[in-house]
Amino acid sequence: MAQPGGVKAELEASAVRARARSQRNQWLRVAAAVAALVVVVTVVNVFSHGAFLTPVNLTNVLRQITYNAILAIGQTFVIITAGIDLSVGSLIELTGVVMASFANAFPLDNGIGLVAVTLLVGLLVGCGAGLINALPVVKLNLPPFITTLAMMLMARGLAFKLAHGRPVPLNSNAFDAIGTGFLFEGFFKRFGLPGIPIVVLWMVVLVAIFAIVLTRTRFGRYVFAIGGNEEAARLAGINVALVKTMVYVISGGGAAVAGLLLMAKFSSGSPNTGIGSELQSIAAVVVGGTSLAGGRGSVIGTFFGALLIGVLNNVMNLLDIESYTQDIVLGAVILLAVIVDELRKRYLRA
Amino acid sequence: MKGIVKTFPGVRALDGVSFDVRRGEVHALVGENGAGKSTLMKTLAGAYRADAGTIVIDGVEAHIDGPRAAEALGIGMIYQEFNLVPELSVLDNIVLGQEPQRGLLLDHAAAVREATTVLTELGIALPLDRAARRLSVAQQQLVEIAKALVRHARLIVMDEPTAALTDREIDALFSLIEKLKAQGVAFVYISHRLEELPRIADRITVIRDGRTVETRVAADMPQADLIRLMVGRPLDAHFPALPPVAPDAPVLLNVAHLESPGVHDVSLMVRAGEIVGLAGLVGAGRTEIVRAIAGADVPQSGEVDLAGTRVVIRSPHSAIAAGIAFITEDRKAQGLVLGMSVRENTTLAHLDQFSRWFVVDRAREESITNKEITELHIRTPNAEQTVRNLSGGNQQKVVLGKWLIGDARVYLFDEPTRGIDVGAKAEIYTLMLELLRGGAAILMVSSELPEVLGMSHRILVVRDGRIAAEFSRDEATPASVIAAATGAAA
């Protein structure tokens, strides 16, 4: 090599160009999405006589998507490893019922302390269920579809049994703040806004943390490597079983957090709040551009997937579209999203 | 078949092969690993399409554009790995794809009639209702033959038919072949077992480097000639000179009595600065030996010492921690995450070196990757390129780069230059020498005889999962290695 320095400089310059290009592509995509959003929002706003673009309604959309977005974070990790978690909906219910019963039985009620201990109990249940989901997958190579389907049935049955078929009402009001409270109410009142809903804060913090975990840590890199080529990952010395176990534990933990927030919202732990949530979370992940075949995806994409679905639901409610029609539209949007994603990939590869 | 040419990206697998098969004849096809036998047969069976050349059947030029066309022309293929559906019954397998029907429904009785006719004609008994997976290997082979005959095959191609059979089963197979020959069925018979050819073959054709070397009547082809024709080329000159191993060089890898699936009581050692080549036929157990040492398969018993220290190999992770690097034979399935970038693949096995706490330091990843790209001459626009888009040789260099950034002292190379062009090969050899100069020990599996002979200080020949012979670089000749690998009396 005549000029190793020159080659190196060229490589670095090329990497900079590639990064710039990929950033430009990303911004182009974002810009396209924003433009589409603006058009849709304008149209919707006109048809709903201005009901959509109000601060209160937009805050509502964010509050409504919180639970699905939090579930979908864990689901994103699972799906990137080419797995699936069908149990998260039931785990919302099981953790909710367990947490409500625990909080009622706990002798002390000192506000935030009770919330923290209760969440810890919920996380134990959720993460424990995730562990049970993962063990047959990593030890016996069973398909996660089956193990999490079994957990879905067991967790729901257990939740109903523990709750005797009815919601468990909370005795303490220590949870009201995180369920329905707002931050900075005084400040935002001046702009006619209700403040920042505390549940939304949970979502934003969790999305930020897990986006960093996925893109910046060793664990995140291993999640992608396992989804991309499990055998190569194993031969590179990665503890595949541990990483796969962790993604189901994270998913179960996410269900526990969503369970806490829903329990706080309704002031009770209910054994049927989570029906269908697992499919909603998978839809958010897929619409957000994560490949069900594994190896590709992002937490931020999932957040926008959940947001898109939430906006659609909200808009259709505002337009008084009946719920059956809403399901049809939602299904069509999911199908469209994956078709567009696949075509985009083919176009890029060609 | 005349002048068949088939090229794959970067490789000319077949370069003008011609041969003919007569009615009622067994024509044996022999050649080294990678000589082109399988490619040729797959072309005949319609699995591949030839780039040039003609295939003439019964005086008529045939266009074989798929397995169905081959079948219609009366060509039956019996691959070494059988093509049976394990859960279906013997009967269902025999008539698979051309099940007799009555209206829209399957005609079970007609299927039974068809199968029994063929089987009684051959004088073989098979349990028609048993699931194929519950049959012995020999019985599965009979199902494959019956399958071909139900399709009225007049030419049956058999790839290594005796590889997994006992002596008695081989006798039975040969008498069956004789019977079918008498009925006018022709056979193309591919085998590595040179000693059985005089018993079964009428004529023998030797293939080398994708070309026909010679066709002779089997009786006029003594084994010595056969081996000479198979290997008959001078060692390629492009191998670099190997530096001698110091007589007092420490033993870096010592393996004793290793047992693992496909590996039986293997003991070997490699010194610092030495390359030991593992030669042998495909399926002899060479890959299994290095996989066991690398923890890719967990050894059942045996001892592994690294530089005099006993190590317990329980997983790839423990082997890597002990200082073993394993460059796998199939880079796409085992070596690389194709959808990831050059940078992400390069650091995958040593990510702990690039992270503080758990957070990966991308700047450091990028600088080490750029260093590897420069030093290994990896042709990629930059470190962010997805490895799927690189050529085979450059992908292989990424795999090497991935292991070079660790501090391994023992390198296990499994087919280090498979499917890559000559230029990249030479670069990889040079790199292996650099590793030796750095004090590493190398154990290399290669199916290319010149590579084993040209790039090893010592050669161990593996046969049936055991070390069958050992040669120093000076003793080893193509003929002696082939003889030891095939079990022929050299």
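Residues numbered from 1 in each chain as written. Chains lettered and ligands numbered in written order. Predicted model: local features only at pLDDT ≥ 70, side-chain atom pairs only at ≥ 80, totals over all residues.

Asker: Pulling in residues and values, what's your account of the pairing of strand β12 (residues 211–217) of chain B?
Answerer: All names here are of chain B. Strand direction decides the pairing type here: strand β11 (residues 203–208) and β12, joined by six bridges, are antiparallel. Bridging from a neighbouring strand, Arg203 pairs with Val217 of β12. The turn linking β11 back onto β12 is made up of two residues, and Asp209 within it adopts a positive phi angle of 50°. (Pairing = 2+ DSSP bridges. Helix = DSSP H or I, 4+ residues; strand = E, 2+ residues; numbered from the N terminus.)

Asker: Describe in detail the packing of helix α4 (residues 108–122) of chain B against helix α5 (residues 137–150) of chain B, supporting the description with residues and values.
Answerer: Residues and elements named next belong to chain B. Direction vectors running N to C along α4 and α5 enclose 110°, while the axes themselves pass 10 Å from each other. Judged by the inter-axis angle, α4 sits roughly perpendicular to α5. As α4 packs across α5, the resulting crossing turns out to be right-handed. Listed contacts from α5 to Glu114, Ala115, Val118 and Leu119 of α4 are Ala146, Leu149 and Val150. Across the contact of α4 with α5, the residue classes tally to six nonpolar, no polar and one charged. (Axes fitted to C-alpha atoms, helices over the stretch in contact; angles between N-to-C directions. Parallel < 35°, antiparallel > 145°, perpendicular 65-115°, else oblique. Left-handed = near helix turned anticlockwise from the far one by under 90°. Contact = placed C-beta atoms within 7 Å. Nonpolar A, V, L, I, M, F, W, Y, C, P; charged D, E, K, R; others polar.)

Asker: Can you lay out the interface of chain A and chain B for me, pointing to particular residues and giving the numbers?
Answerer: Every contact between the two is made by 29 residues of chain A and, on the other side, 30 residues of chain B. When residues of the side of chain A that touches chain B are traced back to their parent elements, those giving at least two are α1 (4–47), α9 (218–228) and α10 (230–235) of chain A. When residues of the side of chain A that touches chain B are assigned to their parent elements, the largest contribution, nine residues, is made by α1(A). Taken together, the residues of the side of chain A that touches chain B break down into 13 nonpolar, seven polar and nine charged.

Asker: Could you give me a rundown of the domain arrangement of chain B, with the residues and numbers involved?
Answerer: All names here are of chain B. On domain assignment, one finds that chain B holds domain 1 (2–231) and domain 2 (251–486). Contacts between the two partners involve 13 residues from domain 1, matched on the other side by 15 residues from domain 2. It is helix α8 (residues 223–231) that provides the largest number of residues to the side of domain 1 that touches domain 2, a total of four residues. Looking at the side of domain 1 that touches domain 2 residue by residue, the class counts come to six nonpolar, four polar and three charged. (Domains from an automatic or database assignment.)

Asker: A description of the nonpolar core should follow, citing residues and the corresponding values.
Answerer: Where a protein is soluble and globular, its nonpolar side chains tend to be buried together. Residues Val157(B), Ile324(B), Leu412(B) and Ile442(B) are the most contacted members of the largest nonpolar core, which totals 220 residues. It is helix α11 (residues 240–266) of chain A that contributes the most residues to this core, 16 residues altogether. There are two domains that each give this core at least three residues, and those are domain 1 (2–231) and domain 2 (251–486) of chain B. Contacts of Val157(B), omitting those with residues within four sequence positions, involve Met41(B), Leu44(B), Ala45(B), Ile75(B), Gly76(B), Met77(B), Ile78(B) and Val188(B). (Core = buried A, V, L, I, M, F, W, Y, C linked by C-beta atoms within 7 Å. Buried ≥ 20, exposed ≤ 12 C-beta atoms within 10 Å, placed from the backbone.)

Asker: I'd like to hear about helix α3 (residues 88–105) of chain A, residue by residue, with values.
Answerer: For α3(A), spanning 18 residues, the distance from its first C-alpha to its last is 25 Å, which sits close to the expected 26 Å at 1.5 Å a residue. The buried fraction of α3(A) is high, at 14 of 18 residues. (Expected span 1.5 Å × (residues − 1).)

Asker: Tell me about the sheet that holds strand β6 (residues 75–78) of chain B, residues and numbers included.
Answerer: Neighbouring strands of a sheet are bound in pairs by backbone hydrogen bonds; such pairs are parallel or else antiparallel. Residues and elements named next belong to chain B. Read from one edge of the open sheet, six strands run β6-β9-β10-β3-β11-β12, paired in mixed fashion. Strands with a single pairing partner mark the edges of an open sheet, and in this sheet they are β6 and β12. Pairwise comparison of adjacent strand axes, ignoring direction, gives a mean angle of 20° for this sheet. Set on the sheet, α8 makes contact with β3 (26–30), β11 and β12; between it and β11 the angle comes to about 30°.

Asker: Lay out the packing of helix α8 (residues 198–216) of chain A against helix α13 (residues 299–318) of chain A in plain terms, naming residues and giving numbers.
Answerer: Residues and elements named next belong to chain A. Packing of α8 against α13 brings their axes to within 8 Å, and their N-to-C directions diverge by 140°. Side by side, α8 and α13 meet where Val207, Phe210, Ala211 and Leu214 of the first sit next to Val299, Ile300 and Phe303 of the second. The residue makeup of the contact of α8 with α13, split by class, is seven nonpolar, no polar and no charged.

Asker: Describe the sheet that holds strand β13 (residues 251–260) of chain B, naming the residues involved and giving the relevant values.
Answerer: Residue and element names in this part refer to chain B. Reading across the sheet, the four strands line up as β14-β13-β16-β17 and stay open at both edges, with antiparallel pairing between neighbours. The open sheet has two edge strands, β14 (263–271) and β17 (309–311), and neither has a second partner. The average undirected angle you get between the axes of adjacent strands in this sheet is 20°. Pairing of strand β16 (residues 301–306) with β17, which is carried by three bridges, proceeds in the antiparallel orientation. Paired with Asp305 across the strands is Arg310, a residue of β17. Contacting β13, β14 and β16, helix α9 (residues 286–294) crosses the sheet at an angle of about 110° to β13.

Asker: Tell me about the pairing of strand β9 (residues 155–159) of chain B, residues and numbers included.
Answerer: Regular strands show a simple pattern: their side chains alternate between the two faces of the sheet. All names here are of chain B. When you tally the buried positions in β9, you get four out of five residues, the bulk of the element. One ladder, built from five bridges, connects β9 with strand β10 (residues 186–190); its direction is parallel. What sits directly across from Leu155, in β10, is Ala186.

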